[in-house]
Amino acid sequence: MRSPIPGLGRVMVFLAAAVASASLATPEGWGEEGVQYGQVGTDVTLSCAGARAGSLVQWRQAGAAALPEGSAIHQGALVLPHAGLAGPGDHSRPGGLLPAVSLRLGHLPGVPFVSCRASDYENFSCSWTSSMETFLPTRYITTYRKKSLTGEEKWRNKNGHVGLCLQDPSRPGTCTVHGSEFWSSYRLNITEVNPLGSSFRLLDVTMQAIIKPDPPEGLVVEPIPLAPRRLHVSWKYPSSWPKEPHFQLRFRLQYRPVIHRSWSVVETVNLSEVITDAFAGLEHVVQVSAKDFLDAGNWSEWSAEARATPVRDLATTASEETTTDASLESLAEEPSQAPNPEPINRSDPLEKMAVLVSLGIFAFFVLAAVLVITILIWLRVRKHGKEKTKPHNFLVAATHLKALPKAQIL
C-alpha cells in the first residue's frame with residue numbers, strides 16, 4: 001500500500017497469526033484501532049498484543065511473499081530496521097488470518113510557535129501553530145501560571161496550582177485565559193503531543209504588552225450641508241472593550257479620495273471627527289482604528305471601510321444647473337465643445353472669511369508702521385532745526401553786548 005502522506009516512504013500492513021486467539025492492539029488514548037506508530041528512519045517494533053505468553057506468533061506482510069529485508073521476530077514481536085524504507089504492502093486479508101496491524105510512520109513533535117493577544121483587560125487568548133508536519137494525530141495541552149510579585153517570584157495562579165488555558169473546539173489552535181489581571185504577568189505552556197512524544201513552548205506575557213483592541217464599530221461618514229470640503233465621521237467603541245470609565249481608547253482616522261492612493265491620518269480621543277480638507281464632489285473612503293489611551297500595546301486592525309461624497313459648493317451647482325437647462329432647450333443642436341470660461345469656485349466660505357480677516361490685520365499693521373516711521377522722521381527734522389538756530393542767537397547776544405557803552409559795562 002502506498003502511503004497517502006508524501007515523503008514518508010510506505011506504510012506497511014502486517015498480519016499477525018497466533019495459535020491462541022488475539023485481540024486488536026489499540027494505541028492508548030488515540031482511538032485508532034489496529035494502528036501502531038513509529039518514527040521515520042528508526043527501528044520499529046510491532047507487537048501482537050493479544051497473543052499469550054509463549055504462544056507461537058507468525059508475521060506476514062500483506063501482499064508480499066516475505067518480510068522486509070533485515071526484519072526479525074523477537075519474543076513474538078516484529079522488529080523492522082529503518083522503518084519507511086521497506087517494500088510496499090496492501091490491505092488484503094487472506095481468509096483465516098487475524099486482522100491486520102497497520103504501521104503509521106511520522107515524526108516527533110516540534111516546538112510550537114505561540115503568540116498571545118488581549119482584546120480587553122479582562123481576558124487574553126493565545127494561538128499556536130506547529131513548527132513541523134509530523135503526519136501523525138496531534139493534541140495540545142495548554143496551561144498557565146501567574147507570576148507572584150512576592151517572595152521568590154514563583155509562577156502560580158490564585159490557588160498556587162497550574163491553571164488551564166481553555167480551548168474552544170470551534171476555534172482550533174487557540175486557548176483563552178479568563179479573568180486575567182492587568183498588573184500581573186503570566187507564563188504560558190503550550191505542549192504539542194503525538195503518539196511518539198511531546199514538545200513544549202514557554203511564553204511569558206504581560207497584559208500591557210499584548211493588549212490590542214478590536215477595531216471600532218459602527219463607522220458612519222456623512223457630508224455636511226453647505227460645506228463642500230467637510231465630512232462628519234462617527235464611530236463606537238468595540239463591543240469587546242470593557243464599559244468602564246478608567247479604560248479609555250484613543251483613535252486614529254485615515255481617509256482619502258477613492259481615486260487617490262495616499263492616506264491622510266488624524267488622531268483623536270473623541271468618537272467623532274470632522275474632515276476639513278476633503279475634495280468637493282469626490283467620493284472618499286474612511287477607516288478608523290483604536291489603541292489604549294495610555295499607549296499600551298498595539299493599534300487595532302483598521303475597521304471596515306465607510307464611504308461618502310462631500311457636497312459640491314453653490315457656484316459649481318449653479319453652473320451645472322445652468323448647463324443642464326441650456327442642454328435641454330437645444331437638444332436638436334450640436335453640443336458645444338468649448339470649455340466653460342467661468343472658473344469653478346471650490347473654496348469654503350469660512351476660508352474666504354479667514355483670508356479677508358488676515359488681509360485686514362496685515363493692512364492695519366502696515367499703516368501703523370508707516371505712521372510710526374513718519375512721526376519719527378518729523379521729530380528728527382524738528383530737533384535738527386532747533387540745533388541750527390542756537391549759534392545765531394549767541395552771535396546776536398554778543399553783538400548786543402559789544403554795542404553797549406563802556407561805562408555801563410564797568
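Everything quoted here is computed from the prediction, not taken from an experiment.

Calculation rules
Residues numbered from 1 in each chain as written. Predicted model: local features only at pLDDT ≥ 70, side-chain atom pairs only at ≥ 80, totals over all residues. Heavy atoms only, no water. Patch = residues over 30% accessible without salt bridge, like charges linked within 9 Å, V, L, I, M, F, W, Y side chains within 5 Å. Areas by Shrake-Rupley, 256 points an atom, 1.4 Å probe, with all protein chains shown as cover. Salt bridge = Lys/Arg side-chain N within 4 Å of Asp/Glu carboxyl O. Helix = DSSP H or I, 4+ residues; strand = E, 2+ residues; numbered from the N terminus. Buried < 20%, exposed > 50% of the residue type's maximum accessible area, 1.4 Å probe, protein only. pLDDT = per-residue confidence, 0-100. Contact = heavy atoms within 4.5 Å. Pairing = 2+ DSSP bridges. Axes fitted to C-alpha atoms, helices over the stretch in contact; angles between N-to-C directions. Core = buried A, V, L, I, M, F, W, Y, C linked by side-chain atoms within 4.5 Å. Polar contact = N/O pair within 3.5 Å; in protein donor to acceptor, adjacent residues only side chain to side chain. Disulfide = S-S within 2.5 Å.

Draft legend 1. Structural detail: a nonpolar patch on the surface. On the surface, a nonpolar cluster with roughly 600 Å² of combined accessible area is contributed by Leu371, Val372, Ile375, Leu376, Trp378 and Leu379. Secondary-structure assignment places Leu379 in helix H3 (residues 349–402). In this structure Leu379 comes out as partly exposed when scored by relative accessible area, which is 42%.

Draft legend 2. Examining the confidence of the model for the chain more closely. Here the chain averages 75 in pLDDT, and 65% of its residues register 70 or above. With pLDDT under 50 throughout, residues 15–27 is counted as low confidence; its partners more than four residues away or in other chains account for 44 contacts. Between residues 394–401, whose pLDDT stays under 50, and residues either more than four places distant or in other chains, the model counts 1 contact.

Draft legend 3. Quick look at the sheet that holds strand E22 (residues 306–308). As summarised here, the arrangement of the 4 strands in space is E19-E18-E21-E22, forming an open sheet in which the pairing is antiparallel. Only two strands of the sheet have a single neighbouring strand rather than two, namely strand E19 (264–268) and E22. Strand after strand, the sheet turns through a mean of 25 degrees between neighbouring axes, direction not considered. One ladder, built from 5 bridges, connects strand E18 (residues 249–257) with E19; its direction is antiparallel. From the neighbouring strand, Leu253 faces E19, where its bridge partner is Val266.

Draft legend 4. Main features of the nonpolar core. Counting 38 residues, the largest nonpolar core has Phe124, Leu188, Val233 and Ile275 as the members making the most contacts within it. For this core, the leading source of residues is E18, giving 4 residues. Excluding its chain neighbours within four sequence positions, the residues that come into contact with Leu188 are Cys116, Phe124, Cys126, Thr143, Tyr144, Cys165, Arg201, Leu202, Leu203 and Val205. One finds Leu46, Cys48, Leu78 and Leu80 within the second-largest nonpolar core, a separate group that totals 9 residues.

Draft legend 5. Broad picture of the pattern of salt bridges. According to the stated counting rule, one finds 9 salt bridges in the structure shown. Asp204 is the salt-bridge partner of Arg187, the closest N and O atoms lying 2.7 Å from each other. Taken as a pair, Arg187 in strand E14 (residues 185–194) and Asp204 in strand E15 (residues 197–206) lie far apart in primary sequence, 17 residues in all. By relative accessible area, Arg187 is classed as partly exposed at 28%. As a salt-bridge pair, Lys291 and Asp295 come within 2.7 Å of each other at their nearest N and O atoms. The structure contains a network of salt bridges with shared partners spanning Arg250, Glu267, Lys291 and Asp295.

Draft legend 6. Inspection of the environment of Thr174 at higher detail. If you trace the backbone, Thr174 turns up in strand E13 (residues 174–178). Among the residues examined, Thr174 registers a relative accessible area of 15% and is labelled buried. If sequence neighbours within four positions are ignored, Thr174 has contacts with Cys126, Ser127, Trp128, Leu166, Gln167 and Asp168. A polar side-chain atom of Thr174 sits 2.7 Å from the main-chain carbonyl oxygen of Arg171.

Draft legend 7. Layout of the environment of Gln61. Structurally, Gln61 is set in strand E4 (residues 57–61). For the pair formed by Gln61 and Val101, sequence separation is 40 residues and the distance between their alpha carbons is 9.9 Å.

Draft legend 8. The arrangement of unusual backbone geometry in detail. Backbone geometry at Leu226 places phi at a positive 65 degrees, although glycine is not the residue there. Position of Leu226 among the secondary structure elements: in the loop between strand E16 (217–223) and strand E17 (231–236).

Draft legend 9. Structural view of the state of the cysteines. This structure, assessed with the given rule, holds 2 disulfides. Linked covalently through their sulfurs, Cys116 and Cys126 form a disulfide whose S-S length is 2.0 Å. With the S-S bond torsion at 100 degrees, the cross-link from Cys116 to Cys126 turns out right-handed. Of the two residues, Cys116 is situated in strand E8 (residues 113–117) and Cys126 in strand E9 (residues 123–129); the sequence distance between them amounts to 10 residues. For Cys116, a relative accessible area of 16% gives the class buried. Each sulfur in the disulfide pair Cys165 and Cys175 lies 2.1 Å from the other. Disulfide Cys165-Cys175: the torsion about the S-S bond is 90 degrees, which places it as right-handed. Placement of Cys165 in the loop between strand E11 (163–164) and strand E12 (166–167) and of Cys175 in strand E13 is noted, with a sequence separation of 10 residues between them. Taken as a pair, Cys165 and Cys175 share a single burial class, namely buried.

Draft legend 10. Representation of the pairing of E14. In terms of burial, E14 is a largely internal element, 7 of the 10 residues being buried. Sheet analysis places strand E10 (residues 139–146) next to E14, joined by 8 bridges and oriented antiparallel. Opposite Arg145, over in E14, you have Arg187 as the bridge partner. Where E14 lies against E15, 10 bridges are found, and the strand directions are antiparallel. By the bridge assignment for E15, Ile190 is matched with Arg201.

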